[in-house]
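For reference, the chains in residue letters:
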Amino acid sequence: MKYTQLGRTGLKVSRLVLGTMNFGPQTDEADSHAIMDAALASGINYFDTANVYGWGENKGRTEEIIGNWFARGGERRDKVVLATKVYGNMAADGDAWPNHDKLSALNIRRAVDASLKRLQTDYIDVYQFHHIDRGTPFDEIWQAIDVLVQQGKILYVGSSNFPGYKIAQANEAAARRGGTIGLVSEQCLYNLAERRAEMEVIPAAQEYGLGVIPWSPLHGGLLGGVIRKETEGGRRASGRAADSLANTSIRAQIQSYEDLLDKHGIEPGEAALAWLLTRPGVTGPIVGPRTAQQLDSALRAVELELSQELLSALDEIFPGPGPSPEAFAW
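Residues numbered from 1 in each chain as written. Predicted model: local features only at pLDDT ≥ 70, side-chain atom pairs only at ≥ 80, totals over all residues. Heavy atoms only, no water.

Student: Talk me through the pairing of strand 5 (residues 81-86); I want residue IDs and the actual numbers.
Tutor: For a regular strand, side-chain orientation follows a simple rule: the groups alternate between the two sheet faces. Taking burial as the measure, the 6 residues of strand 5 include 6 buried ones, the bulk of the element. Of the two faces of strand 5, the one carrying Val81, Ala83 and Lys85 and the one carrying Leu82, Thr84 and Val86 are both buried. For strand 4 (residues 46-48) and strand 5, the ladder comprises 3 bridges, and the chain directions are parallel. If you follow Tyr46 over to strand 5, its bridge partner there is Val81. Pairing of strand 5 with strand 6 (residues 124-129) involves 4 bridges; the strand directions are parallel. From the neighbouring strand, Thr84 faces strand 6, where its bridge partner is Tyr127. (Buried < 20%, exposed > 50% of the residue type's maximum accessible area, 1.4 Å probe, protein only. Helix = DSSP H or I, 4+ residues; strand = E, 2+ residues; numbered from the N terminus. Pairing = 2+ DSSP bridges.)

Next up, the structure:
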């Protein structure tokens, strides 16, 4: 496994991030524990989750699965850089009170204590804002975070799904307060098929020293060899991938992508991950394996070297927006 520092911090994290969103809804606890053991054995030390994972009436279940894994000992907690998120409403469906979500000082305090209990730990390495809160000023948010840092409950703070201007607002507010390091990472939707983050989000993250953590690196399976799998009678596309393939121009684009990688003898999903690892500002993509086999495929991507010829060909199939602001201003 290869490692890098998370943004401008001294924290060393693996170039692949283990996403746990499937733990509970699609992968049972025993298999989830086996995947985490395999990830740790391979050198992946950055685990990402969120308080709402488990979804619906099972919100919080994913954190509980991770907490039970930590409780098995073996220095599991000490070896892991643990990241979770706050924002979503954790109250039972139909029983939401006004302060049961978002980023008020009250909800941040409530949410972090609940996450710590489910995770069976006394601190969170990277506490992430799952979405922007238009109703809470950053001075209030940072005041709440400062208290949690002083209490030793969290060490660093990251964002998720923030536009570039909110990254700037957040870190400028932190700088004005003094003594607050501000955001150190941003999780954003970013992959070969979805490159809009290159316009503002990634430039802002680079300017302010945030590590970029792409989520959905295979774009809901669209970049994982979906057409070939359909042809071979395998798992059919669903969700975002199925919707995209219904568009004939997108289907042709994905076919060109799969044909190109077949020519080079490279698995599409591994190429998509390896491409992200070449991108400026990217710390590491989040991989969310449902099975141990999917984890093995992701691990191969770390060692995969993409030639300049192949990178150029991928740019031709999936052209990015170009440099900002020239792409839209000149």
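Next comes the rest of the account.
Student: I'd like a description of unusual backbone geometry, backed by residues and values.
Tutor: With an omega of 5 degrees, the peptide bond between Ser324 and Pro325 qualifies as cis. Among the structural elements, Pro325 can be located in the loop between helix 13 (308-317) and helix 14 (326-329). A positive phi angle is found at Asn161, which is not glycine, with a value near 65 degrees. Considering the arrangement of structural elements, one finds Asn161 in the loop between strand 7 (154-160) and helix 6 (164-177). Taking the relative accessible area as the measure of exposure, Asn161 reaches 30% and is therefore partly exposed. Of note, Ser216 is a non-glycine position whose phi angle comes to about 55 degrees, a positive value. Inspection of the secondary structure puts Ser216 in the loop between strand 9 (211-215) and helix 8 (226-231).

Student: Summarise the pattern of salt bridges; cite the residues concerned and give the values.
Tutor: For the coordinates displayed, the defined rule picks out 16 salt bridges. Between Asp125 and Arg77 there is a salt bridge, and its shortest N-O distance comes to 3.0 Å. Of this pair, Asp125 sits in strand 6 while Arg77 is found in helix 3 (residues 76-79), placing the two residues 48 residues apart along the sequence. A relative accessible area of 6% means that Asp125 is categorised as buried. By relative accessible area, which is 10% here, Arg77 ends up buried. Ionic pairing is found between Arg196 and Glu194, a salt bridge with its closest N-O pair at 2.9 Å. Relative accessible area serves as the criterion here: at 63%, Arg196 is assigned to the exposed category. Residue Glu194 is classed as buried on the basis of its relative accessible area, which comes to 11%. If you follow the salt bridges from partner to partner, you end up with Arg195, Glu198, Arg279 and Asp315 in one network. (Salt bridge = Lys/Arg side-chain N within 4 Å of Asp/Glu carboxyl O.)

Student: Please set out the side chain of Ser244 residue by residue, giving values where relevant.
Tutor: Mapping Ser244 onto the fold places it in helix 9 (residues 239-245). The class for Ser244 is buried, based on a relative accessible area of 12%. Beyond its immediate stretch of four places on either side in the chain, Ser244 contacts Leu222 and Ile250. (Contact = heavy atoms within 4.5 Å.)

Student: Please provide a residue-by-residue account of helix 1 (residues 29-42), values included.
Tutor: Owing to its 3.6 residues per turn, the α-helix brings residues three or four apart onto one side. Relative to the 20 Å expected for 14 residues at 1.5 Å per residue, helix 1 spans 20 Å between its end C-alpha atoms, a close match to the ideal helical length. Within the sequence span of helix 1, burial applies to Ser32, His33, Ile35, Met36, Ala39 and Leu40. Looking straight down helix 1, one finds that the buried residues subtend no more than 160 degrees of arc, so they occupy a single side. Of the residues in helix 1, the exposed ones pointing more than 90 degrees away from the buried face are Ala30 and Ala41. Looking at the buried positions of helix 1, the neighbouring elements they touch are strand 3 (17-19), strand 4, helix 2 (61-70), helix 3 and helix 12 (292-303). Residue Asp28 occupies the N-cap position of helix 1, its side-chain oxygen lying 3.4 Å from the main-chain nitrogen of Ala30. Immediately downstream of helix 1, the backbone of Gly43 shows phi near 105 degrees, a positive value. (Expected span 1.5 Å × (residues − 1). Arc of directions from axis to C-beta. Polar contact = N/O pair within 3.5 Å; in protein donor to acceptor, adjacent residues only side chain to side chain.)

Student: So, the nonpolar core: which residues are in play, and what are the values?
Tutor: Counting residues in each nonpolar core, the largest one holds 59 residues, and the members touching the most others are Ile108, Tyr127, Phe129, Trp142, Ile145 and Tyr257. Counting residues in each nonpolar core, the second largest holds 23 residues, with Leu16, Phe23, Phe70 and Val302 among its members. (Core = buried A, V, L, I, M, F, W, Y, C linked by side-chain atoms within 4.5 Å.)

Student: Report on helix 12, specifying residues and quantitative values.
Tutor: Among the residues making up helix 12, those that are buried are Leu295, Ala298, Leu299, Ala301 and Val302. What you see down the axis of helix 12 is that its buried residues fit within an arc of 145 degrees, all on one side. Looking at helix 12, the residues exposed on the side facing more than 90 degrees away from the buried face are Gln293 and Glu303. Structurally, helix 12 contributes buried residues whose contacts are with helix 1, helix 11 (268-277) and strand 10 (286-287).

Student: Mind laying out the sheet that holds strand 3, listing which residues take part and the relevant values?
Tutor: Strand order in the open sheet formed by 8 strands is 9-8-7-6-5-4-3-10, with parallel pairing between adjacent strands. Each of the sheet's edge strands pairs with one partner strand only, and the pair in question is strand 9 and strand 10. Bridge count between strand 7 and strand 8 (residues 183-189): 3 bridges; the pairing is parallel. The partner of Val157 across the bridge, within strand 8, is Leu183. Against the sheet, helix 5 (residues 138-150) makes contact with strand 6, strand 7 and strand 8, and its axis sits at roughly 145 degrees relative to strand 7, the strand it touches most. (Axes fitted to C-alpha atoms, helices over the stretch in contact; angles between N-to-C directions.)

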